[in-house]
Amino acid sequence: MTSLDLSTDRPARRHSLSLSIGLALVGLNVVVAILTLFWTPYDPLNASGGRLEAPSLLHWVGTDRLGRDYLTQIVIGARTALIVGTGAVAIGASIGVTLGILAAFATRLLDDVMAATLDILIAFPTLLLAMLVVAASDSASLWSAILALGLAISAIVARLTRILAKRVLRQDYIIASRTSGTSWLGVVVRHVLPNIWPTLSVNFALQFGLAVIAEASLSYLGLGAPPPNASWGRLLQEAQGTVYTAPVGAIAPGIALVALVIGMNLLADGLRDVGDPTRGRTR
Amino acid sequence: MSALLSVQGLTVRAGGKTLVSNLSFSIGSGERMGLIGESGSGKSMTAMAVTGLLPANISVTGSIVLDGEEVVGAQDKHLNRLRGVATAVVFQEPLTALDPLMKIGKQIAEPVRRRLAREMGQAPRVAVDREVLDLLDKVALPQPQRIANAYPHEVSGGQRQRVAIAMALACRPKLLIADEPTTALDVTTQAEILKLLDGLVRETGMALLFISHDLPVVAEVVQRVMVLRDGIALEEGAVVDVFANPSHDYTQTLVDAARMFDEALGRTG
Ligand SMILES: Nc1ncnc2c1ncn2[C@@H]1O[C@H](COP(=O)(O)OP(=O)(O)OP(=O)(O)O)[C@@H](O)[C@H]1O
Ligand SMILES: [Mg+2]
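Source: prediction; values computed, not measured.

A. Representation of the packing of aromatic side chains in the model. All names here are of chain A. By the definition in use, this model includes 2 aromatic pairs over all chains. Judged by centre distance (4.6 Å) and plane angle (45°), the rings of Phe105 and Trp184 are tilted. Taken together, the residues Phe105 in helix α2 (residues 70-105) and Trp184 in helix α7 (residues 184-220) connect sequence positions 79 residues apart. Looking at Phe105, the relative accessible area reads 32%, which means it is partly exposed. Between the aromatic rings of Trp197 and Phe204, the centroid separation amounts to 5.8 Å while the plane-to-plane angle is 65°, which identifies the pairing as edge-to-face. Judged by its relative accessible area of 46%, Trp197 falls in the partly exposed class.

This is the structure we're talking about:
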């Protein structure tokens, strides 16, 4: 199995375990989130049972202190988490990758200025930044949280992109491509982005997880989306007072949160392995 | 006569250090010229200056007229129209000269597509694909279809260099710059690649700037040579003259070293 394989066949793609588990966890989350748009087990806003009921066949995860079905809150929380993670990473990726690529191509002076600015922004704790933005906006809304987290992520992504792109730009194949007349935009699209994508995508997954956790933290602190939008952070906060009498209320959203974050990381890891043609060779 | 490439007083500096100083030479259409000198003598710097692709922290002065256009100080957009049309480059290290994440066929297709679009106003996929396979065949790669579908790490070093040559040929440049194209290869492969390059250059009639530190290699493919040391041109002339009567001690040492190496290998003249 150690021979250098130069045959025509693609190297056999290892069916990565992390890919399967990640796909299952994230996929479940996505399916549940979409489902909540059409159907939830119970009405999320009104009581459907007694207060703080223990898990039962009717209420799988019990009810909260207002008698509302807890599972319903959690599945709606899945939708919130997905919106936050996707939104924040989309904003962070588009701004960050653009800035990072520009910095990598910029003149020495501009590049230094951008690098220093990014370092300062990154030194600022994300959560604090998000709290400031949310507190500054009139009403605490999901969108101001997403915007704040997206901006914080964009600084991190920009710094990473800049470093990765600079490394790629030094490669001979870039110069070779340039000598044959490829424009710099062509170089970015055809060579730089594909070559930095494996590392970037793993970072996006990491940021996705951090954004979901950050939003939960904001909600936990009362700075998240107002009540009709159930958030795992707010569920955790509400369950705080009854954690000894009804522990399921705290455990269930916690598990959901951890499952999504881990799933996202496993998925990214697995995708990177599958997407990299040079990987199959060494195993 | 107006030369294809005319370099006048080329000086390249980086951080207060002069890497190439006051270099002048010219290459006519279809002419084959060699640039030799030891490692660090500024050969690659000269070649990159011609393509206008030196990093921003390296300053270039003097004049480089390529296919009637001044390269020194020109806008990148302007130079981009020259690149590929007037020049193409084959590099020393065949592994790093190819994008590891792009299939070989796709990498060659790029310059082919650009050239077809330029020459005929359009580049239909079938025509591009056919041309890519033709090129792979031309550089004597077996099973072009298979190679086109492979990633660079899936073919051998010598095959990669053939691919790099195919990429350069895809441009149909007027001047091919080969920067030590055989240095990273074993002796047998070296000889094959050299023969291939030599044949292709003669067949297509393009001019060649061949860079090497290996005298016998240079002597095989070019008509004229220029000897470079520490960025200074020591001498220039027809291959036979320079090697038969080196007017400079340094050239003499290069000739002697090559001869000794040949003798050690049991090669003859
Ligand atoms: N980016 C750079 N900045 C400053 N100096 C450089 C840079 N790149 C190369 N040099 C220096 O320029 C000189 C000439 O380098 P060049 O690459 O042209 O040598 P060369 O003749 O091609 O050598 P080799 O045969 O090893 O390829 C060397 O002394 C090298 O240290
Ligand atoms: Mg060199």
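B. Structural context of the interface of chain A and chain B. Listed by partner, the interface residues are 24 residues for chain A and 29 residues for chain B. Taking both partners together, chain A and chain B bury about 2500 Å²; carbon and sulfur atoms supply 57% of that area. In this assembly, chain A and chain B are joined by 2 salt bridges. Between Arg190(A) and Glu110(B) there is a salt bridge whose closest N-O contact spans 3.4 Å. The interface formed by chain A and chain B includes 10 residue pairs in polar contact (both at pLDDT 80 or more). Mapped onto the side of chain A that touches chain B, the elements with two or more residues apiece are α6 (172-179) and α7 of chain A. Grouping the constituent residues of the side of chain A that touches chain B by class yields 8 nonpolar, 10 polar and 6 charged.

C. Quick look at the layout of surface pockets. Residue and element names in this part refer to chain B. Here the largest pocket is characterised by a volume of approximately 1500 Å³. Taken together, 37 residues make up the lining of the largest pocket; nearest its centre are Leu53, Leu54, Pro55, Ala56 and Asn57. A per-class count over the lining of the largest pocket returns 22 nonpolar, 6 polar and 9 charged.

D. Representation of the pairing of strand β6 (residues 87-90) of chain B. All names here are of chain B. Side-chain alternation along β6 places Thr87 and Val89 on one buried face and Ala88 and Val90 on a second face that is also buried. The pairing of β6 with strand β7 (residues 175-179) spans 4 bridges and is classified as parallel. Opposite Ala88, over in β7, you have Leu176 as the bridge partner.

E. The site of ligand 1, seen in detail. Residue and element names in this part refer to chain B. Close to ligand 1 lie 14 residues, the nearest being Ser39, Gly40, Lys43, Ser44 and Glu180. Gly42 is positioned such that a nitrogen or oxygen atom in its backbone is 3.1 Å from an oxygen atom of ligand 1. Interatomic distance of 2.8 Å between a side-chain N/O atom of Lys43 and an oxygen atom of ligand 1. Elements with a minimum of two residues in the shell around ligand 1: β2 (17-27) and α1 (43-51). Grouping the constituent residues of the shell around ligand 1 by class yields 4 nonpolar, 6 polar and 4 charged.

F. Molecular detail of the environment of Ala170(B). All names here are of chain B. Turning to its location among the elements, Ala170 is positioned in helix α6 (residues 157-170). In this structure Ala170 comes out as buried when scored by relative accessible area, which is 0%. When the C-alpha positions of Ala170 and Lys103 are compared, they lie 16 Å apart, and in sequence the two are 67 residues distant. Once you skip the residues sitting within four places of it in the chain, Ala170 turns out to touch Ile108, Pro111, Val112, Arg115 and Leu135.

G. Fine view of the side chain of Arg32(B). Residue and element names in this part refer to chain B. Relative to the helices and strands, Arg32 resides in strand β3 (residues 32-36). Despite its burial, Arg32 remains without a salt bridge, the nearest opposite charge being carried by Asp198 at 4.2 Å. Contact partners of Arg32, with chain neighbours within four places excluded, come to Asp198, Val201, Arg202, Leu208, Val221, Val222, Gln223 and Arg224.

Rules used in this analysis
Residues numbered from 1 in each chain as written. Chains lettered and ligands numbered in written order. Predicted model: local features only at pLDDT ≥ 70, side-chain atom pairs only at ≥ 80, totals over all residues. Heavy atoms only, no water. Phe/Tyr/Trp six-rings, centres within 6.5 Å; stacked < 30°, edge-to-face > 60°. Helix = DSSP H or I, 4+ residues; strand = E, 2+ residues; numbered from the N terminus. Buried < 20%, exposed > 50% of the residue type's maximum accessible area, 1.4 Å probe, protein only. Contact = heavy atoms within 4.5 Å. Buried area = accessible area lost by both parts, 1.4 Å probe. Salt bridge = Lys/Arg side-chain N within 4 Å of Asp/Glu carboxyl O. Polar contact = N/O pair within 3.5 Å; in protein donor to acceptor, adjacent residues only side chain to side chain. Nonpolar A, V, L, I, M, F, W, Y, C, P; charged D, E, K, R; others polar. 1 Å grid on protein atoms, 1.4 Å probe; cavity = no way out; pocket = protein on both sides within 12 Å on 5 of 7 lines; lining within 4 Å. Points joined across faces, edges and corners; volume = space filled by probe spheres on them. Pairing = 2+ DSSP bridges. Near = heavy atom within 4 Å. Lys, Arg positive; Asp, Glu negative; His and termini not counted.

That's the geometry; what it means functionally is another story.
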